[in-house]
Amino acid sequence: MSWKRHVGKLRALFARRKHVNDLEEEICSHLRLEEQENLETGMPPDEAHYAAFRRFGNVTLTEERSREMWGWNSVETLLQDLRYALRLLRRNPGFTAVAVLSLALGIGVNAVVFSVINGLLLRPLPVERPDQLAFLETKDSGITQSFPNYRDLRDRNTTFSGLVGYRLAPMELESTSGATRIWGLLATGNYFDVLGVHPVMGRFFHQAEDLHPGASPYVVLSYNAWRGRFGADPSIVGKTVRISRLPYTVLGVAPPDFHGTELWYWPEIWVPMMMEPQIEAQSGSGYLDIRDTWDTWVLGRLKPGVSRPGALANLNTIAGELAREYPNNDQGLRIKLAKPGLCGDYFGGPARAFTLGVLGLAALVLLAACANLASLLTARAADRQREIAIRLSIGAKRARVVRQVLTETLVLSLAGGAAGYGLGFVLSQALSRWRAPMDIPVQFDVNPDWRVFLFACAVSIVAGALFGCAPAWRASKTDANAVLNGSIMSWGRRRLAFRDVLVVLQVALCFVLVSACLMSLRGLQQALNVRLGFDPEGVSVVGYDLGLAAYSEEKGRTFQQRALEAVKKLPGVRSAAYSNSVPLSIDQSTTTVSPADKPALRLSDRISAHYYQVSPGFFETMGTKLLAGRDFTWHDDADSPRVAIVNVAFGRQVLHSENAVGKYFRNGPNAPLVEVVGVVEDGKYQSLTESQVPALFWPILHNYNSTTTLEVRSSLPATEMIREMRRAVARVDPELPLYGTGSLDQMLGFAFFPSHAAAIALSAFGVLAIMLAVTGIHGLASYAVARRVREIGIRMAVGARPSQVLQLVLGRIAVLLSIGSAIGLVLALAAGQVLASVVYAASPRDPQILAAVLATIMLLGLLSSWAPTRRALRIDPMAALRYE
C-alpha cells in the first residue's frame, strides 16, 4: 500500500517540524533571557544581542539565523563590509588597478557602442510624439517620391494628420567673408507644424506661405548656423540674407537639439519647398510638376488611434489609384512605412545590422574582461584561504564570508563601471564632434544620456554579481581545519579548474576578436585594391555649382569651357575634363532605359541605369578603359544626333549584346533613339558592394548641367595641384564658391566609410582582446608558479632539469591555449559569416588569417608566461622548502 507509506512520511514530517518549532521556541526564550541579562550588566543593545548569539553558538530561528548571516538588520554591518573591502583593495593597488582597468575597458567599449545604438536607433527624434511618425518608402526600397505624388498622397489620405516633403539641397550663402556653399533643406510649408517643433527665436514658415513657386523667400536658421555664421546675433529675425544671389528674410531660429528629420544630416538652413526653382536654378516649376522625377522624401504623422497597418492600407489604396491614373509613371506603385531618421530602411537596415553586430563583438570584449576579473578574483581567493580559515575558526559564519567577498567584487565592478562610463562619455563626445571627411554634412549626435548611464550601471552590477559568485562559492567551501593544518589543495592536474575554464574562455574570445580584426583589415585592403572602373591615383577634383551663383545656361557653358582651358595650362597637367559628377561620390543620378525595339515598355519592365554627363577627355583623365568605339568630341552637342557611351553591363542587360557599339536604345517611353558610340569597362558607381550594374555617359554639351566637377590628372602632389586649380578658377570668377576640393581618393571617403569604420572598430576590439588575454594568461602562469613553489623546489633539489621545470610550468598553459584556440576557431568561422556581410571583401575562411591568429595566440601565451617561467627557473630549492 504505497499511499499508506506516503501518509506515514507526511505524518513523520509534520511531527519532526513540530519538534523543530518547539526546540526553536525554547532556544529563542533562552536567547531573550541571555540578552536581558547582558543588558542588565550594562552592555549596549547590539552587543548584548550578539553576545547572546555567541553564547548559544549562533543557533536560532530560521528567520533570525538569516538576519544574522546576512546582516539585513544592520546598516553598520554593511558599512563594515564596505570599509573592509576598500582597505583590502587599497592594500593591493596592483590587483585593484588591473581589475578596474580590465572592467573599464570592457564597459567603456560597450558604453560607446551603446551610445551609438542609442543615438541612431533608440533615441526618438526631438519632436512632439515621435512614435506617431512614419517614413514613406516604395516597395522596391526607394526612399523618394515625386512631388506630384506627394501632393496626392497628402491630400487624399484619411489616416495621417499631416504629410511633409523635404529634400537635401546645396545652397550658396553670402556673408561678410564672401559666398559659401552650405547644405540646407527644402521643406514643405507644413514641415515644422506637423513635427511640432518650436523656435527659440522668431517663428517658422507655414503651409499658407508655401503655395506658389517663388512666392516665399523665407529662411529658418539652425541653431548652429545662427551661432557660427551670424555670431548669435539677437536681432537676426527679420534681417535679409542672400541665398543663391537672391534676398531671403530670416523668420526664426530652430532649437539647439533639432537638426532636421534625418539623424545623419544636419542642415544649416530650411527654405520653403516652393523656392526650389530659385534654389536649384531651374526655370519654371521644375521638379515640382514632373511626376517622373522622384526626388522628395516624405514623412507623415499618424492620426491618434490609427494603426500603421490601417495607414498603410489607406496609402496603398491611393497608390493603386495613381497607378491607374498615371500608368507611365506610377505603374506598380506600392508604399511601405519605416522608422524615420535614417532614410527609412535604406540606411536604417544596414545601420541596425552593423551596430548590433558591433555590439555583439563589444559584448565579447566585456565577457573577456569579466572572465579576466573572475580569474583574478579566483586566484586571489585561493591566496586568501588562510585568512578565511582563521575567520571561520573564530566564529564567522560562512554566509558572512561570502557576503564580504561579494561586497569586494561589487566595489571593484562599480569602480570599473564608473571608469568605463567616463571613458565612454569622453569617446562618445569626441565621436559626436567628428565630421565625416566629405562635402555633405554627415554628423551624428551620440552623446550619452541617462540610458547609457543606466546601461553602464546595470552591466557593472551584473558583471560583479555574476563573476563574483565563483570566488564567493570557493570561500564558502573552505575547510578551515585542512587549511590551518597546511593541507591546501594544489593546482589540479586531473581536470580543469574553474580558473582554467576562464583562461580557455579568454583565449577563445581573443581568437574570435583578433580574427575579426584581421578579416576586416584584409577586407579593407582588398577594397582599396578593387578595380573601381577608374584610377583615382593622381587625380584632383574641384566642384562648383553655377546655378547657385545665378549663372544662365549660356554664361555657364562659357565658364565651364574657360575654366577647363585654364586648368589645362597649369604645369604638370596631363589631362583634364569636367562632368556633373563622378562615380562613388555622394551625387548620383539614375534613369530608366529600354531597348530600341520596345518603345512603350512598361514602367516595371524598364531597366535602371546610372548616368553621368561628361566632357571629352573624361575617360582618359579618370583612367577608365575605353574597350570599343570612340570617345566624345566637342562636336557631340545639342545640334548633333543623340549619342552615348555605355559600360559592358549596359550592353548585356539592356541591349543583350557583348559589343554594343552601333546599337540603339531609348531613354524613356517613345523617346528619341540614342546611338551607342563607345563601350567602357564596368565599375563601381554607388557603392563598393554593388554588382555589375548598367551605366551610361552622355556628352555634357547635349544638356547643360550647372553642377560641375572639374577633374585633372597631373604629376604634381594633390595639395599643390588643388591650390593651382583654385587660383585658375578664381581668375575666371573670384567670387564663385568651390566645394569638394581635394584628391579623388579623398572624395571617395563616403564610399569607403563603412569599411574604414568597421576596420577601426574591430581593430580596437582586437587590441583590447589581446590586452585582456595577455593579462589573463600572465595571471594564470604567475599563479601556477606561486602555488607550486614548494613542489618546484623539491623537484629541483632531487635533480630536475630546467627543461622538466619548463614542461611543468608551460605544459598546462599550452593545453589551455590549444583548447581555447580550437573553440575560438569554431566561433571565428561562425562569426566570419556575419562579418563578411558587413565588411566588404572580408573572407570568413581565409586560411592565412586563421593561421596568423593561431600564431598570434601562441606567441601571446609564450610572452605572457615568460616572466613567471623565469621566476620558476630561478627558485632556490632551500628557500622553496621553507616556503609557507
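Everything numeric in this text was worked out from a predicted model, so none of it was measured. (Residues numbered from 1 in each chain as written. Predicted model: local features only at pLDDT ≥ 70, side-chain atom pairs only at ≥ 80, totals over all residues. Heavy atoms only, no water.)

**Observations regarding the overall build of the protein chain**
Then comes step 1: If you tally the helices and strands in the protein chain, you get 28 helices and 22 strands.
Then comes step 2: Looking at the protein chain residue by residue over its 884 residues, the buried ones come to 51%.
Then comes step 3: Per element, the accessible surface of the protein chain, about 40200 Å² overall, is 59% carbon and sulfur. (Helix = DSSP H or I, 4+ residues; strand = E, 2+ residues; numbered from the N terminus. Buried < 20%, exposed > 50% of the residue type's maximum accessible area, 1.4 Å probe, protein only. Areas by Shrake-Rupley, 256 points an atom, 1.4 Å probe, with all protein chains shown as cover.)

**Looking at the packing of aromatic side chains**
Then comes step 1: Taken as a whole, this structure holds 25 aromatic pairs when the rule is applied.
Then comes step 2: For the pair Tyr421 and Phe425, a centre-to-centre distance of 6.2 Å together with 45 degrees between the ring planes defines the contact as tilted. Of this pair, Tyr421 and Phe425 are both found in helix H14 (residues 398-433), four residues apart, which corresponds to roughly one turn of the helix.
Then comes step 3: Through a chain of ring-to-ring contacts, the aromatic side chains of Tyr166, Tyr191, Phe192, Phe204, Phe205, Phe258, Trp270 and Trp297 assemble into a single cluster. (Phe/Tyr/Trp six-rings, centres within 6.5 Å; stacked < 30°, edge-to-face > 60°.)

**Quick word on the pairing of strand S12 (residues 539-545)**
For a regular strand, side chains alternate in direction, first toward one face of the sheet and then toward the other.
Then comes step 1: The element S12 is extensively covered by neighbouring structure, given that seven of its seven residues are classed as buried.
Then comes step 2: Pairing between S12 and strand S21 (residues 707-714): seven bridges, direction antiparallel. Bridging across to S21, Gly543 finds its partner in Thr709. (Pairing = 2+ DSSP bridges.)

**Some details on the environment of Gln429**
Then comes step 1: Within the element layout of this structure, Gln429 appears in helix H14.
Then comes step 2: The exposure class of Gln429 is partly exposed, given its relative accessible area of 28%.
Then comes step 3: Note: C-alpha distance between Gln429 and Asn447 (18 residues apart in sequence) is 5.4 Å.

**Section: the nonpolar core**
Then comes step 1: One finds Tyr166, Tyr191, Phe192, Phe258, Trp264, Trp270 and Phe765 to be the most contacted residues of the largest nonpolar core, which totals 74 residues.
Then comes step 2: Ranked by residues supplied to this core, first place goes to helix H18 (residues 498-529) with 10 residues.
Then comes step 3: The contact partners of Phe192, leaving out residues within four places of it in the chain, are Val197, Phe204, Phe205, Val220, Phe258 and Trp270.
Then comes step 4: Counting 40 residues, the second largest nonpolar core, distinct from the first, contains Ile182, Met201, Leu221 and Leu288. (Core = buried A, V, L, I, M, F, W, Y, C linked by side-chain atoms within 4.5 Å. Contact = heavy atoms within 4.5 Å.)

**Things to note about unusual backbone geometry**
Then comes step 1: Phi at Arg129 is positive, roughly 45 degrees, even though this residue is not glycine.
Then comes step 2: With respect to the helices and strands, Arg129 occurs in the loop between helix H5 (93-122) and strand S1 (133-138).
Then comes step 3: Note on Arg129: relative accessible area 45%, which makes it partly exposed.
Then comes step 4: Of note in this structure, His656 is not a glycine but carries a positive phi near 55 degrees.
Then comes step 5: Assignment of secondary structure puts His656 in the loop between helix H21 (648-653) and strand S18 (664-666).

**Concerning a nonpolar patch on the surface**
Then comes step 1: Taken together, the side chains of Val815, Ile819, Ile823 and Leu827 define a hydrophobic patch exposed on the protein surface, amounting to about 300 Å² of accessible area.
Then comes step 2: Residue placement: Ile819 occurs in helix H26 (residues 802-836).
Then comes step 3: Accessibility expressed as a relative area gives 31% for Ile819, which makes it partly exposed. (Patch = residues over 30% accessible without salt bridge, like charges linked within 9 Å, V, L, I, M, F, W, Y side chains within 5 Å. Salt bridge = Lys/Arg side-chain N within 4 Å of Asp/Glu carboxyl O.)

**Section: helix H10 (residues 308-325)**
Then comes step 1: The terminal C-alpha atoms of H10 lie 26 Å apart, and with 18 residues this matches the ideal 26 Å at 1.5 Å per residue to within 8%.
Then comes step 2: Packing partners of the buried residues in H10 comprise S1, helix H6 (147-156), strand S3 (160-175), strand S10 (294-302), helix H11 (327-330) and strand S11 (335-338).
Then comes step 3: The backbone nitrogen of Gly310 has a side-chain oxygen 3.2 Å away, supplied by the residue at the start of H10, namely Ser307. (Expected span 1.5 Å × (residues − 1). Polar contact = N/O pair within 3.5 Å; in protein donor to acceptor, adjacent residues only side chain to side chain.)

**Let's talk about the pattern of salt bridges**
Then comes step 1: Within this structure, the stated rule accounts for 24 salt bridges.
Then comes step 2: A salt bridge links Asp289 to Arg151; the nearest nitrogen and oxygen atoms lie 3.3 Å apart. Of this pair, Asp289 sits in the loop between helix H9 (276-279) and S10 while Arg151 is found in helix H6, placing the two residues 138 residues apart along the sequence.
Then comes step 3: The class for Asp289 is partly exposed, based on a relative accessible area of 46%.
Then comes step 4: Between Arg291 and Asp152 there is a salt bridge, and its shortest N-O distance comes to 3.0 Å. Here Arg291 is found in the loop between H9 and S10, whereas its partner Asp152 is found in helix H6, with 139 residues between them in sequence.
Then comes step 5: Classification of Asp152 as buried rests on a relative accessible area of 15%.
Then comes step 6: Three or more residues joined by partner-sharing salt bridges are found here, namely Asp152, Arg156, Arg291, Glu321, Glu325 and Asp330.

**Considering the packing of H5 against helix H15 (residues 450-467)**
Then comes step 1: One can describe the packing of H5 onto H15 by two numbers: an axis separation of 10 Å at closest approach and a directional angle of 145 degrees. You can see that H5 and H15 cross each other, and the crossing is right-handed. For the pair H5 and H15, the contacting residues are Leu103, Ile107, Asn110, Ala111, Phe114, Ser115 and Asn118 in the first and Arg451, Val452, Phe455, Ala456, Val459, Ser460 and Ala463 in the second.
Then comes step 2: Along the lines of polarity and charge, the residues of the contact of H5 with H15 split into nine nonpolar, four polar and one charged. (Axes fitted to C-alpha atoms, helices over the stretch in contact; angles between N-to-C directions. Left-handed = near helix turned anticlockwise from the far one by under 90°. Nonpolar A, V, L, I, M, F, W, Y, C, P; charged D, E, K, R; others polar.)

**Looking at the pairing of strand S8 (residues 246-253)**
Then comes step 1: In the sheet, strand S5 (residues 201-202) pairs with S8 via two bridges, with the strands oriented antiparallel. When the bridges of S8 are listed, Gly202 appears paired with Gly252.
Then comes step 2: Relative to S8, strand S6 (residues 218-221) runs parallel, the two sharing four bridges. Looking at the pairing, Val220 lines up with Gly252 of S8.
Then comes step 3: Direction of pairing for strand S7 (residues 240-243) relative to S8: antiparallel, over a ladder of four bridges. Counterpart to Thr240 in the pairing with S8 is Thr249.
Then comes step 4: Taking the residues between adjacent antiparallel strands as the criterion, S7 and S8 are bridged by two residues, where Ser244 takes a positive phi near 55 degrees.

**What about the confidence of the model for the protein chain?**
Atom-level detail of predicted coordinates should not be read off regions where pLDDT is low.
Then comes step 1: Confidence in the prediction of the protein chain, expressed as mean pLDDT, is 79, and 79% of residues score 70 or more.
Then comes step 2: Every residue in residues 488-495 scores below 50 in pLDDT, and together they form 21 contacts with partners more than four places removed in sequence or on other chains. (pLDDT = per-residue confidence, 0-100.)

**With respect to the packing of H6 against H10**
Then comes step 1: Relative orientation of the contacting elements H6 and H10 amounts to 135 degrees, with a least axis distance of 10 Å. Considering the angle they form, H6 stands oblique to H10. Of the two elements, H6 crosses H10, and the hand of that crossing is right-handed. On the side of H6, the interface is formed by Asn149, Asp152, Leu153 and Arg156, while H10 contributes Leu315, Ile318, Glu321, Leu322 and Glu325.
Then comes step 2: Within the contact of H6 with H10, the residues separate by chemical class into four nonpolar, one polar and four charged. (Parallel < 35°, antiparallel > 145°, perpendicular 65-115°, else oblique.)

**What to know about the environment of Asp449**
Then comes step 1: Within the secondary structure, Asp449 sits in the loop between H14 and H15.
Then comes step 2: For the pair formed by Asp449 and Gly119, sequence separation is 330 residues and the distance between their alpha carbons is 9.2 Å.
Then comes step 3: For Asp449, the residues in contact, after removing those within four places along its chain, are Asn118, Arg123 and Tyr421.
Then comes step 4: Among the polar contacts listed, one links the side chain of Asp449 to the side chain of Arg451, at a separation of 2.8 Å.

**Considering the side chain of Ser216**
Then comes step 1: Positionally, Ser216 belongs in the loop between S5 and S6.
Then comes step 2: Judged by its relative accessible area of 0%, Ser216 falls in the buried class.
Then comes step 3: Engagement of the side chain of Ser216 in a polar contact is seen with the backbone oxygen of Glu209, the distance being 3.3 Å.
Then comes step 4: When neighbours within four sequence positions are excluded, Ser216 is seen to be in contact with Glu209, Asp210, Pro272, Met274 and Met275.

**Here we look at helix H8 (residues 223-230)**
Then comes step 1: By the burial criterion, the buried members of H8 are Ala225, Trp226 and Phe230. Buried positions in H8, seen along its axis, are confined to an arc of 100 degrees and lie on one side of it.
Then comes step 2: One or two positions beyond H8, positive phi appears at Gly231, with a value near 60 degrees. (Arc of directions from axis to C-beta.)

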